[in-house]
Protein chains: 2
Amino acid sequence: MEKKNQTLHYFILSDSIGETAQKVARAALVHFPSAKTVLHKYTFISNIEKIDEIIHDAVKYDGLLFMTIANSELASYVEAKCIETGLICYNLIQPFTLEIERRLGVNPTSLVGAQHELSDEYFDRIEAMEFCMKYDDGKDPKGIGEAEIVLLGISRTGKTPLSMYLATLGYKVCNLPLIPENDLPSIVFEINKNKIIGLTNNIEVVNKHREIRMLEYGIPKGSRYASENRVKQELDYADEVYRTLGCPVINVADRSIEETAHIISEIMKLTPHAF
Amino acid sequence: MEKKNQTLHYFILSDSIGETAQKVARAALVHFPSAKTVLHKYTFISNIEKIDEIIHDAVKYDGLLFMTIANSELASYVEAKCIETGLICYNLIQPFTLEIERRLGVNPTSLVGAQHELSDEYFDRIEAMEFCMKYDDGKDPKGIGEAEIVLLGISRTGKTPLSMYLATLGYKVCNLPLIPENDLPSIVFEINKNKIIGLTNNIEVVNKHREIRMLEYGIPKGSRYASENRVKQELDYADEVYRTLGCPVINVADRSIEETAHIISEIMKLTPHAF
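Quick caveat, the model's predicted, so the values are computed rather than measured.

1. Overview of the environment of Ile-212 of chain B
Residue and element names in this part refer to chain B.
Here is step 1: With respect to the element layout, Ile-212 can be found in helix H8 (residues 203–216).
Here is step 2: Note on Ile-212: relative accessible area 41%, which makes it partly exposed.
Here is step 3: The spacing of Ile-212 and Leu-104 is 108 residues in sequence and 55 Å in space, taken between C-alpha atoms.

Below, the structure written as structure tokens:
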């Protein structure tokens, strides 16, 4: 296929902050890694004047539009303007709400930005995030008792980012570093085993991460922390702990945080938090 | 409109973890707050046998399908099966990639779950999350110098969850509590003012949050921490600090974390991190 070497201008039109539309656009664009793209983002759209201005801009760049506007009059106005000017607009709300309305026989609410209402669920999520911060990196073993998920792993198995991501989804997570020289707090052996997940990694990945960290600290290559022997010793120790606990083990090498989090939610049969 | 009082079964079909499809379904369903819904989630779909099984299940419940499968043969198979069985399926990839392909003259990669490749951007994000954990709640004022965003606020203005959310987006954030009795670290007055955001809240919201927290701690109502006078004193002190710094101020009352984060990214003209 002939390379047109063009720049794609894509437009996000939202009555809120545009997260959903951006996620969809991103999911499509990721399949064109070499494409030059320019994002034009319009949020909190609430009137026709603003839409006229956006359409004017979109025509200039022959933009591709991704829209999440709940108000059906405004959304229809965008669509009419696009037909008039020959722009392509993907409506990422009404096609779905119309079908759901048909099935349920209930009118949709016209709530704008309705995804972020300050519900109980929302406050649970805030609580989970504060919990995660409080109990990161084994700072206080009390958290182990209260957590829904306890993550174990040696240094550089991604415990902290994974905990934070799970917390933003609303899960109370506590993580604890495994160090061969330190005894694990006894509570780890007393809690429900189904709450525990062991994280592991490939030797060379851990080693590479640690070498980078050592360089940042100004410590030359070949230190004990980053040596292959040391990493192997730590990973073996972790395996032993996991066997003793009988907990599931996830190798995080080549897995993104989101993928690991997804595996955990499947293993633990967690109720999906809906956001 | 007649209430059918039905349950809506919606199906997520993904070749990865189904985040995008779930986000779209959620954005539509949120407009039907009273609807009874059941989520059927199928992830890491990679073969026709699995699809047959899912279609069989979907037919049973007359499910509404939201699909993100990058492999166009598998996606077409799902669509053909849906036409055959009368199911409705929203394809949330190919309509967009086909149009982008037409415009750019470049074939899409068939990368599965391509959103989470372990790129530099991804590692920056991990670093931001670790940074946030390290420098939460003024634990170490060194972070203030290195941060891209410095959040100030009295207790219960949501500094920690907001920092975590911004960190998951890849921003290096540091937050610092404002307490009238404590001097701010001098570095706050030395750094680039454009990095600083002041958070505030309504007296009654702060007060309510604090009362809840006090109850959790077993402290009866009417303690100094949760009194209106004390909250007013703290908020006044914060206002004074913000005036001295000349920093933008955001009132977080009635705003979700996502909305506040969005406002910050607009104020600071941050390059949107693309995930």
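There's plenty left to go through after this.
2. So, the environment of Leu-13 of chain B
Residue and element names in this part refer to chain B.
Here is step 1: Note that Leu-13 resides in strand S1 (residues 7–14).
Here is step 2: Distance from Leu-13 to Ile-69, taken between C-alpha atoms, is 7.2 Å for residues 56 residues apart in sequence.
Here is step 3: Apart from the residues lying within four places of it in its own chain, the contact partners of Leu-13 are Tyr-42, Ile-45, Ile-54, Leu-65, Phe-66, Met-67, Thr-68, Ile-69 and Val-78.

3. Concerning the interface of chain B and chain A
Accessible area lost upon the coming together of the parts is a frequently used measure of interface size.
Here is step 1: Taken together, the contact pairs 89 residues of chain B with 88 residues of chain A.
Here is step 2: With both chains or domains summed, chain B and chain A bury close to 8,200 Å², and 66% of this area falls on carbon and sulfur atoms.
Here is step 3: Applying the counting criterion to the chain B and chain A interface returns 6 salt bridges.
Here is step 4: Measuring nitrogen to oxygen at the nearest pair gives 3.8 Å for the salt bridge that ties Glu-19 of chain A to Lys-23 of chain B.
Here is step 5: The interface formed by chain B and chain A includes 14 residue pairs in polar contact (both at pLDDT 80 or more).
Here is step 6: Looking at the side of chain B that touches chain A residue by residue, the class counts come to 43 nonpolar, 21 polar and 25 charged.

4. Overview of the pattern of salt bridges
Here is step 1: Tallied over the full model, the rule gives 24 salt bridges over all chains.
Here is step 2: Note that Glu-130 of chain A is salt-bridged to Arg-156 of chain B, the shortest N-O span being 2.9 Å. Pair noted here: Glu-130 of chain A is in helix H5 (residues 120–134) and Arg-156 of chain B is in the loop between strand S5 (149–153) and helix H7 (159–168), and the two residues belong to different chains.
Here is step 3: Across the pair Glu-234 of chain B and Arg-230 of chain B runs a salt bridge, and its minimum N-O distance is 2.6 Å. Placement of the pair is Glu-234 of chain B and Arg-230 of chain B together in helix H9 (residues 228–245), with a separation of 4 residues, close to one helical turn.
Here is step 4: Relative accessible area serves as the criterion here: at 8%, Arg-230 of chain B is assigned to the buried category.

5. What about the pairing of strand S3 (residues 64–68) of chain B?
Residues and elements named next belong to chain B.
Here is step 1: Of all 5 residues in S3, 5 are buried; the element is thus mostly enclosed.
Here is step 2: Of the two faces of S3, the one carrying Leu-64, Phe-66 and Thr-68 and the one carrying Leu-65 and Met-67 are both buried.
Here is step 3: Alignment of S1 against S3, held across 5 bridges, turns out to be parallel. Bridging from a neighbouring strand, Leu-13 pairs with Met-67 of S3.
Here is step 4: As defined by bridge partners, S3 adjoins strand S4 (residues 88–91) across 4 bridges and the pair is classed as parallel. What sits directly across from Met-67, in S4, is Asn-91.
Here is step 5: Handedness of the crossover joining S3 and S4 through helix H3 (residues 72–85): right-handed.

6. Examining the packing of H5 of chain A against H7 of chain B
Here is step 1: Taken N-terminus to C-terminus, the directions of H5 of chain A and H7 of chain B make an angle of 85 degrees; their axes are 9 Å apart at the nearest point. Relative to H7 of chain B, H5 of chain A is oriented roughly perpendicular. Within the contact between the two elements, H5 of chain A uses Arg-125, Ile-126, Met-129, Glu-130, Cys-132 and Met-133 of chain A and H7 of chain B uses Thr-160, Pro-161, Met-164 and Tyr-165 of chain B.
Here is step 2: Broken down by class, the residue content of the contact of H5 of chain A with H7 of chain B amounts to 7 nonpolar, 1 polar and 2 charged.

7. Some remarks on the UniProt feature "binding site: ADP" (unreviewed entry) in chain A
Residue and element names in this part refer to chain A.
Here is step 1: The positions UniProt marks with the feature "binding site: ADP" (unreviewed entry) are Gly-153, Ile-154, Ser-155, Arg-156, Thr-157, Gly-158, Lys-159 and Thr-160.
Here is step 2: Here Lys-159 lies in helix H7 (residues 159–168).
Here is step 3: Overall, Lys-159 belongs to the buried group, its relative accessible area being 7%.
Here is step 4: A distance of 3.1 Å separates the side chain of Lys-159 from the backbone oxygen of Gly-153, its partner in a polar contact.

8. Some words on the environment of Val-249 of chain A
Residue and element names in this part refer to chain A.
Here is step 1: Among the structural elements, Val-249 can be located in strand S8 (residues 249–251).
Here is step 2: As for Val-249 and Val-231, which are separated by 18 residues in sequence, their C-alpha atoms are 17 Å apart.
Here is step 3: Once residues lying within four places of it in the same chain are set aside, the contact partners of Val-249 are Gly-198, Thr-200 and Tyr-242.

9. Concerning helix H1 (residues 19–29) of chain A
Here is step 1: Among the 11 residues of H1 of chain A, 9 are classified as buried, and the element is accordingly described as predominantly covered.
Here is step 2: Those residues of H1 of chain A that fall on the buried side of the exposure criterion are Thr-20, Ala-21, Gln-22, Lys-23, Val-24, Ala-25, Ala-27, Ala-28 and Leu-29 of chain A.
Here is step 3: Against the buried residues of H1 of chain A lie strand S1 (7–14), strand S2 (36–42) and strand S3 (64–68) of chain A together with helix H1 (19–29) and helix H4 (94–104) of chain B.

10. Details of the relation of the copies chain B and chain A
Here is step 1: Least-squares fitting of chain B to chain A yields an RMSD of 0.0 Å, with the superposition described by an axial translation of 0.0 Å and a rotation of 180 degrees. Both copies of the chain, as the preceding transformation shows, are related through a two-fold rotation axis.
Here is step 2: Comparing interface residues between copies, 99% of those in chain B also lie at the interface in chain A; the contact surface is shared.

Parameters and conventions
- Sequence order as written defines the numbering, with residues in each chain counted from 1.
- All chains are assigned letters beginning with A, and all ligands numbers beginning with 1, in the order in which they are written.
- Two thresholds apply to this predicted model, a pLDDT of at least 70 for residue-level local features and 80 or more for giving and counting side-chain atom pairs, whereas whole-chain, interface and lining totals are computed over all residues.
- Side-chain figures throughout are based on the complete set of non-hydrogen atoms in the structure, without hydrogens or water.
- Numbering of helices and strands starts at the N terminus; helices are DSSP runs of H or I of at least 4 residues and strands are runs of E of at least 2.
- Accessible area is worked out with a 1.4 Å probe on protein chains only. A residue is then buried under 20% of its type maximum, exposed over 50%, and partly exposed in between.
- It only takes one pair of heavy atoms within 4.5 Å for two residues to be counted as in contact.
- Accessible surface is computed with a 1.4 Å probe, and the buried area is the amount of it that two parts give up when combined, taken over both parts together.
- A pairing counts as a salt bridge when a side-chain nitrogen of Lys or Arg comes within 4 Å of a carboxyl oxygen of Asp or Glu.
- Throughout this description, a polar contact denotes any pair of N or O atoms lying within 3.5 Å of each other; where both atoms belong to protein, one of them has to be capable of donating a hydrogen while the other can accept it, and for residues adjacent in sequence the pair is counted only when both atoms sit in side chains.
- Asp, Glu, Lys and Arg are counted as charged, while Ala, Val, Leu, Ile, Met, Phe, Trp, Tyr, Cys and Pro are counted as nonpolar; the rest, among them Gly, fall into the polar class.
- Here, strands pair whenever DSSP counts at least two bridges between them.
- Consider the strands pointing away from the viewer: the crossover is right-handed when the path from the first strand over the helix to the second runs clockwise.
- Axis geometry follows a simple rule: fit a line to the C-alpha atoms, using only the stretch in contact for helices, then measure angles between N-to-C directions, giving values from 0 to 180 degrees.
- Oblique is the label for any angle not covered by the other classes, which are roughly parallel (under 35 degrees), roughly antiparallel (over 145) and roughly perpendicular (65 to 115).
- UniProt positions are given in the numbering used here, feature names are shortened, and annotations may be inferred rather than shown by experiment.
- Least-squares fitting of one copy onto the other uses the C-alpha atoms of those residues that reach a pLDDT of at least 70 in both copies.

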